[in-house]
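Topology and contacts: notes
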Amino acid sequence: MARNTEGAESASADTPRFVPLPKAQHELDGSAQAQDQISRCCNKLRSLRASDSATLKTELNSLFDQLISENYNSGNHDNIHPEVVCEMLMHASRLVPLSQEHLIIKLSQLIHQLLNQLQVIVDEHALDVLVSYCTRALRTCSSWTHPEVLLALSSLVYGNGSRCHRHLPELLGLSGILVNYGDPSQPDIELRRSAVHCLANLCLSVPGQPYLEEPYKGVCYGILLRTLQSPKPPDVEDIVFCTLLQSALKGTQYFLNGGKWKAVSTQDLGTLLALLKRFMFYGLPGISVEMPQVLYPAPLPQYETIPAAKPELSQDSAAQKKTNKKRKSRGKGKKAGAEGKNDDDDHISGHLKTGGSGVDQSGWSLGSQSASVTSPSGVTPQLYPSWKKGSSDSEFSDPEGGMQTKLRLYQARVRQSALQCFLAVVKCVEKRILYGYWSSFVPDAPGIGGPPPLTLLTIALKDPSPKVRAGSLQVLSALLEGSRQFLSTAEDTSAPRQAFTPFSATLAASVRELHRCLLLALVAESSCQTLTQVLKCLAHLVSNVPYNRLRPGLLSPLWKQIRPYVRHRDVNVRVSSLTLFGALVSTQAPLPEIQLLLQQPGSTSALSTPGISTPQELSHNWRLPTRRDGEASSPGGGVEGDPEGPCWMLQLCVSLVTQPREEPYSDSDAGGSSGASLEPLPIRLEALQVLAHLVKGYFSLVQTSLLELGQLSTRCLKEQEPSVQLHGTKLLEELGTGIIQQYRADVKKQMVYVVEFWSEVLAAPMISALQNEQHPTLQTSACDTLSSILPQAFSQLPVSTQVLCITILLGLTYSENALVKAAAVRALGVYILFPCLREDVMFVADTANAILTALDDRSPNVRAKAAWSLGNLTDTLISVGLEFQEEFSDMLLLNMLRSATKASGDKDRVKSNAVRALGNLVHFLQPVHLGKPVFEQPLQEAMRALIDTVRGEATMKVRWNACYALGNAFRNHNLPLGSADWSKEAYSALSYVVTSCKNFKVRIKSAAALSVPSTRDRYGDAQQFAQVWQALAQALEHSEEMEDFLEYRYCASLRSQLCHALLHLLSVCQPNDLPALRSSLSDQSRPVLQGFLVHYLSNKGVTLVAGVDGAAGDEAGDHAVPEDGLRAENTDVFTRDEAIWHDCLRSKLPFRFY
C-alpha cells in the first residue's frame, strides 16, 4: 500500500516553531507547565520525518497520546496560534500512512480535539491537505475507523463549506461519501450520525464567508430532511437517536441561515414545518399525538390525531408510564443528573421550587403529566405547570433514575434544536407566507371539552426545561414582531355571527388566547431567564395588536400583573418589565383603557398588597420599598386615594432614575450601574424611555409635571454617562413635541410655564451637550431638542438665549460629523418658519447660506435635510412683505435658484424637496428679477428641471411635488407663461401626466396645476388650449380605469378636480376656441362628460334640468339650448368658475356636447 509520503521532507528549519504568545505575569504561573509540555510535544513532532521504522510509530503514538490527554478548555492554552495548529496537523498527516489505522484513529481524535477545544477554523491550504487526507482514509481504511475520521472531517469543514469546492464532488456527488453514509438506509448508526454531523457543519457559514453553493446545498438539505422523516431503528438507543436528530436539526438551521427561503419543488415549507412541530414536542411528558405529515396554510388549525394502537414502548415511554402512577410532592431532590448539573436543564429532574399559581380555564391541566392531552376532558385543573411537579425519586433505582434524567436532557435538547430551527424559518421566510400557518402554532381557543391544540404556548406552559420554554417564547416573539398588518384584521367589537365565524373574529380569539396563556406563563414561571422572555414576548404582542378593534379589558389584567415585576430581584426581569410598560403606553396611544389605568392612584404599599407581589416572591418578599418621607413611592408614586396627584408611572420612572437603591440585586446587575448608589444603568435608561413614550402618548396626563420633567432632563445632562445624557435629550424632544401639539390646539393658553420650562432647559448643560464633539449622537439629539421649541415660547425667551440657539445651530452646520450637520440644518429649517424669525433678513440670509453649503455635502442625508430646509425657507419667501423682498439679496436669490436646480437632479429623497423649493423660488421672482439678463438662463433651467421631473421616472412623491411646484410657479403673474419657450413643454408634461400616470394623487395635482392660470392668454394659442382641454376631458372620461385597485379611494377626488379644471377652462375660453373644443370630443365621450359635470355641479349646490335630451340636442344641430332648458338653484354657493360655466350654458354659445 502506498504511503502518504507526499511532502514528508518539506518540514525544515524555517518552519515556524511553537512559541506561546506573551501573557501577563500573574497568568504565567498557572499555565507555564502546560505551555512547556505542549511546546515540547509540538516541536518534537515537527522534528520527525516519515519512515517505516517502528521507532517512528512508537514516538507518534506517544506524542498523540500526550496531546490528546491535554484539556484545551482549561484556559491555559489560549495563546496557541491557529497557524501553528494547522501546520502541526498537516505535518502529522504526512507522518501517518494510511496503512496505520490505529494512528489514523488517534490523529483523527487529535484533529477533532484541537479544532473544537481551541476553536480554530483552519486556513485554506491546511483545509485542502487535511480534507484530502480524510477522504483518502475513508476510501482506503477499514470501516471501523470511519466514525472517527468523519468526526475529524466534521471539525475541518466547520464553517468552510464554500472553501471545500474541490472536494465537494467526492463528498456530496452522486455516490459521495457523505451521501452514502448519511442516507437513512445506512445501517451503521454511528457512521450515519457522524456523516449527518459533517453535513451540518458544511452548511454552516461564518460571517464574511459565502454559503455552500448549489446544488450541494440542496443535496445536504435533502439528506437532513430525510433523516428527520425517518423513524428510529428498533435496535438504536434513544440517546444515540437524539444526538442524530439534534445534528440534523442543527444542519437544517444552518441551511436556513444561508439565505432567503426559495419555494422550489425540493423545498416544501409545509413539510418542514410539520417536522419541526413534531420535534418541538419530542419526548415531552404526556404528549402522545400523531402529527400530520404536511402542514397547509389555512385559517383553521389541522387536527392532530390520537393513535389508535399503542406502539411498542421505548425505555423512555415506559418510564413515563411509570411516572403517571401515584405522585408525591417533591422538595429538593436527592440527586441530580450528572449531565445537567451545570445546565439550566437540571430543572427537568424536578428540582424546582413550586411557586406561583394560576388555574388554567381551558379544561386541560397545567399540572401533572396525568393531565396530558390524552387524558379525559373532565380532569380537574391544577395550580402548577407540569414542570413544577415530578415523580418521587424513590420510584427509580439510582441507575434507572440517572439514565432517565440523561434521556430527558437529550430529548429537551432535541426540542430546543427544533425551536431554534423554527426561529431560523421565521427569519428566512417572508412573513406574509408564514402567517398562513399561524393557526398551526398559535391557539385560537382554550380547547374546553377536548384535547387542546399543540402550539408554541403548550411548550411555554408545560415543558419541564426552562431553556425549551424560553426557546418557544423566542419563536413566538419573532412571529409577533412586525405582525401589525396581519393582526390589524382582528376584530370582535361587533355582535357575533351565528351562521359562520369570520376570519377577523377567529384572529381576535387567537389574540385573546395569546394574552391569556402568556399571563399564565408569567404567573407560573420561576426561571429568571425564561421570565425575561415572557415579558419580551408580551411586549411584542402589545406592540402589534389592534386594541382599538377589540373589546376592552385585555390590558387591565396584564397591567396589574406586571407592576410588581418592576421591583423584581433580577435586573433583566426589571428591564423587560419596563420595556413592556413602554410598549403599553406607546401602542396606539392614547388608548382609553391605558388612560384609565394611568389615572388610577398609586399606593405606597403596593408591593406588599396581596395580588400585587409577584407569585415568585410571595414567600420571600425580600425587597420592600421604604422610601423616605417626601420621596416618590413605588410603583405608584402618587398619594394613595388622591386621583389628582401626579401619574404614578411618571413618579415610578423618576424615582428609578434619580433615587438611590437601597437593597442589593442579583448577580446579573454586576457592573451595570453608572454610580455606586443609583439603580443599575439599564434600568435607568429603560425608565427614561418609558417616560419618553408616556410623554408622547399621554402628554395631557403628565403636563402638570412639566417643570419636574425638565429638571429631570437637566439632571441627566449633568451626568458623565453619555447614554444617560442622550436619553435625557430624547425626553426633552418628546416634551417639546408634546407642548407644540398641546398648544397648537389652543393658542390662547398661558405660556408662562412653557417659557419657564425652556428657560431652565436651555441652560449650561444643554449648551455643553450641543458643544460636546466627543459624542456626535448626543449633539444630534440636542439639535433635535432645539428644533422642538414652541414658536410662541421661543419669541418670549430672552434675546440672548435666542441668539445663542441660532449661533450654535449655524456653527454646527459646519460640523465634520454628517449626523450633527444634518440635525443642525433641519433645526434651522424649523426655525425659519417661526413668525419672529421669518422676516429677519439677516437670519434668513445666514440660514440660506448655511443650507446652500449643506446642499453640496457628500452625505445624502445632509443633502436631503438641506433640501427640506430650503423648501421651508422658500415657503416663507412667498408670504413675506414688500419691504423684505426689497432687502433680500438678488445674488443670494440667484444662488438659491441655481442650487435648487442642481439638487433637482440628485437622489429622489433630495429631489422631492428641491423641486418644491424651485416652484417657490419661481413664484417669488419679481419683475425686477425677471428683467435682469442674469436671471434669464437660470429661470429657463429651473423650469426645464421641473418639466423633466414631471415627465421622468422618479418616485410618485417626487412627481407629485414637481406637479405642485409647476402649479406654484404658474401663480407668478409676472412670469411669461404662454409666451415663453418652455410654456408649451410645461403644459404638455402636465397633460401627459394627467392622462397616463397610474398614481391618481399625481393626476390630481397635475389637474390642479393646469387650472392655475387665471387668464386665457397664459394658456398660449388656440391649439395649446385645445390640447389641455382634450387631455382633461380624456382623463375625466377614463377616470374610473385604474391599474391598482388601491387608487380607487382617490377616484372621486380625481373626478372632482378634473371637473373643476374643465369648468375653469370654459370660464376663460374665447369664442374662437369653441370649434377646437367641440371637434376634440367624440359622440361617445360627450354624454360621459355631461354626466360627470352635472353630478359635480349638483354636489356643489347647482340643479340642472335639461329641456332636451341628448338625441334632441344632436338633431338641433348648432342651435343653442333653450333659455329655460336649464334651471339653477342655490346659485349663492357658486364659485366664480361654476357661475361662468352656468352662464355659458344659458347663453347662445353652441355647446352641443352638453
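Note that the structure is predicted; figures quoted are calculated from it, not measured.

**A short note on the overall build of the protein chain**
- Within the protein chain, the regular secondary structure consists of 51 helices and zero strands.
- Put simply, the protein chain has 1154 residues, and 54% of those count as buried.
- If you take every contact in the protein chain between residues at least 6 apart in sequence, the share linking residues at least 24 apart comes to 74%.
- Within the structure as shown, the protein chain displays about 50,300 Å² of accessible surface, and the carbon and sulfur contribution to it stands at 51%.

**A look at helix H40 (residues 908-924)**
- For H40, spanning 17 residues, the distance from its first C-alpha to its last is 24 Å, which sits close to the expected 24 Å at 1.5 Å a residue.
- Taking burial as the measure, the 17 residues of H40 include 15 buried ones, the bulk of the element.

**Quick notes on the pattern of salt bridges**
- With the rule as written, the count across this model stands at 22 salt bridges.
- In this structure, Arg-944 and Glu-985 form a salt bridge, with 2.9 Å as the shortest nitrogen-oxygen distance. Here the residue Arg-944 occupies a position in helix H42 (residues 936-951), and Glu-985 occupies one in helix H44 (residues 981-996), the gap between them amounting to 41 residues.
- By relative accessible area, which is 35% here, Glu-985 ends up partly exposed.

**Observations concerning the confidence of the model for the protein chain**
- In this model, the protein chain carries an average pLDDT of 78, and 75% of its residues clear a pLDDT of 70 or more.
- Helix H35 (residues 818-831) holds the highest mean pLDDT among the elements of the protein chain, 96, whereas helix H50 (residues 1110-1115) holds the lowest, 33.
- Below a pLDDT of 50 lies the segment residues 1-21, which in the model reaches 43 contacts outside its immediate sequence neighbourhood of four places, other chains included.

**A few points about helix H28 (residues 706-718)**
- The end-to-end C-alpha distance of H28 is 19 Å, a good match for the 18 Å that 13 residues give at a rise of 1.5 Å each.
- What H28 keeps buried is the set Leu-706, Leu-709, Gly-710, Leu-712, Ser-713, Thr-714, Cys-716 and Leu-717.

**Focus on the nonpolar core**
- Core analysis: the largest hydrophobic core is formed by 345 residues, its most contacted members being Met-649 and Tyr-831.
- Among the elements that line this core, the one with the most residues is helix H14 (residues 398-428), at 13 residues.
- Residue contacts for Tyr-831: discarding those within four places in its chain leaves Leu-786, Ser-787, Ile-789, Phe-794, Cys-805, Ile-806, Leu-809, Leu-837 and Phe-843.

**Some details on the side chain of Arg-192**
- In this fold, Arg-192 is placed in helix H9 (residues 189-203).
- Notably, Arg-192 is buried but unbridged: the nearest opposite-charge side chain belongs to Asp-183, and the N-O separation is 7.5 Å.
- Separated by 2.8 Å, the side chains of Arg-192 and Ser-230 make a polar contact.
- Apart from residues no more than four positions distant in its own chain, Arg-192 is found in contact with Tyr-181, Gly-182, Asp-183, Pro-184, Gln-186, Thr-227, Ser-230, Pro-233 and Leu-244.

**Describing the packing of helix H32 (residues 776-786) against H35**
- Relative orientation of the contacting elements H32 and H35 amounts to 5°, with a least axis distance of 8 Å. By the criterion of interaxial angle, the relationship of H32 to H35 is roughly parallel. Contacts between H32 and H35 pair Pro-776, Gln-779, Thr-780, Cys-783, Asp-784 and Leu-786 from the former with Leu-819, Val-820, Ala-823, Ala-824, Arg-826, Ala-827 and Tyr-831 from the latter.
- A breakdown of the residues in the contact of H32 with H35 according to their chemical character gives nine nonpolar, two polar and two charged.

**Let's talk about the environment of Glu-773**
- Take Glu-773: it is sitting in the loop between helix H31 (764-770) and H32.
- Exposure remark for Glu-773: the relative accessible area of 68% places this residue in the exposed category.
- Taking the C-alpha atoms as reference points, Glu-773 and Ser-815, 42 residues apart in sequence, are found 8.9 Å from one another.

**Remarks on unusual backbone geometry**
- Look at the link from Glu-214 to Pro-215: it is a cis peptide, with omega at 5°.
- Note the cis peptide between Ala-589 and Pro-590, where omega equals 0°.
- Assignment of secondary structure puts Pro-590 in the loop between helix H23 (571-586) and helix H24 (592-599).
- Even without being glycine, Gln-119 reaches a positive phi, approximately 55°.
- As for its position among the elements, Gln-119 is in the loop between helix H4 (101-117) and helix H5 (124-140).

**Remarks on the packing of aromatic side chains**
- By the definition in use, this model includes 20 aromatic pairs.
- An angle of 75° between the planes, with centres 5.1 Å apart, marks the rings of Phe-757 and Trp-758 as edge-to-face. Trp-758 shares its class with Phe-757; the two are buried.
- Connected via pairs of aromatic rings, a cluster forms that spans Tyr-435, Trp-438, Phe-486 and Phe-503.
- Above the ring of Trp-648, the side-chain terminus of Arg-563 is found at 3.9 Å from the ring centroid.

**Focus: the side chain of Arg-1016**
- Turning to its location among the elements, Arg-1016 is positioned in the loop between helix H45 (1000-1010) and helix H46 (1022-1037).
- Those residues in contact with Arg-1016, other than ones at most four positions away along the chain, are Asp-1021, Ala-1022, Phe-1025, Val-1068, Cys-1069, Gln-1070 and Asp-1073.

**So, a negative patch on the surface**
- Taken together, the side chains of Glu-839, Glu-883, Glu-886 and Glu-887 make up a negatively charged region of the molecular surface.
- With respect to the helices, strands and loops of the structure, Glu-839 is situated in the loop between H35 and helix H36 (841-854).

**A word on the packing of H9 against helix H11 (residues 238-256)**
- At a minimum axis separation of 8 Å, H9 and H11 run at an interaxial angle of 20°. Taken as axis vectors, H9 and H11 run roughly parallel relative to one another. Considering how the two elements wind past one another, H9 and H11 form a crossing that is left-handed. Contacts between H9 and H11 involve Ile-189, Glu-190, Arg-192, Arg-193, Val-196, His-197, Ala-200, Asn-201 and Cys-203 on the former and, on the latter, Val-240, Thr-243, Leu-244, Ser-247, Ala-248, Lys-250, Gly-251, Tyr-254 and Phe-255.

**Comments concerning the environment of Ala-1061**
- Looking at the element boundaries, Ala-1061 is found in helix H47 (residues 1051-1068).
- Along the backbone, Ala-1061 and Ala-1008 are 53 residues apart, and their C-alpha atoms lie at a distance of 6.9 Å.
- When sequence neighbours within four positions are dropped, the list of residues in contact with Ala-1061 reads Ala-1007, Ser-1011 and Leu-1032.

Reading the values: rules and limits
Residues numbered from 1 in each chain as written. Predicted model: local features only at pLDDT ≥ 70, side-chain atom pairs only at ≥ 80, totals over all residues. Heavy atoms only, no water. Helix = DSSP H or I, 4+ residues; strand = E, 2+ residues; numbered from the N terminus. Buried < 20%, exposed > 50% of the residue type's maximum accessible area, 1.4 Å probe, protein only. Contact = heavy atoms within 4.5 Å. Areas by Shrake-Rupley, 256 points an atom, 1.4 Å probe, with all protein chains shown as cover. Expected span 1.5 Å × (residues − 1). Salt bridge = Lys/Arg side-chain N within 4 Å of Asp/Glu carboxyl O. pLDDT = per-residue confidence, 0-100. Core = buried A, V, L, I, M, F, W, Y, C linked by side-chain atoms within 4.5 Å. Lys, Arg positive; Asp, Glu negative; His and termini not counted. Polar contact = N/O pair within 3.5 Å; in protein donor to acceptor, adjacent residues only side chain to side chain. Axes fitted to C-alpha atoms, helices over the stretch in contact; angles between N-to-C directions. Parallel < 35°, antiparallel > 145°, perpendicular 65-115°, else oblique. Nonpolar A, V, L, I, M, F, W, Y, C, P; charged D, E, K, R; others polar. Phe/Tyr/Trp six-rings, centres within 6.5 Å; stacked < 30°, edge-to-face > 60°. Lys NZ or Arg CZ within 6 Å of the ring centre and 35° of its normal. Patch = residues over 30% accessible without salt bridge, like charges linked within 9 Å, V, L, I, M, F, W, Y side chains within 5 Å. Charge placed at Lys NZ, Arg CZ, Asp CG, Glu CD. Left-handed = near helix turned anticlockwise from the far one by under 90°.

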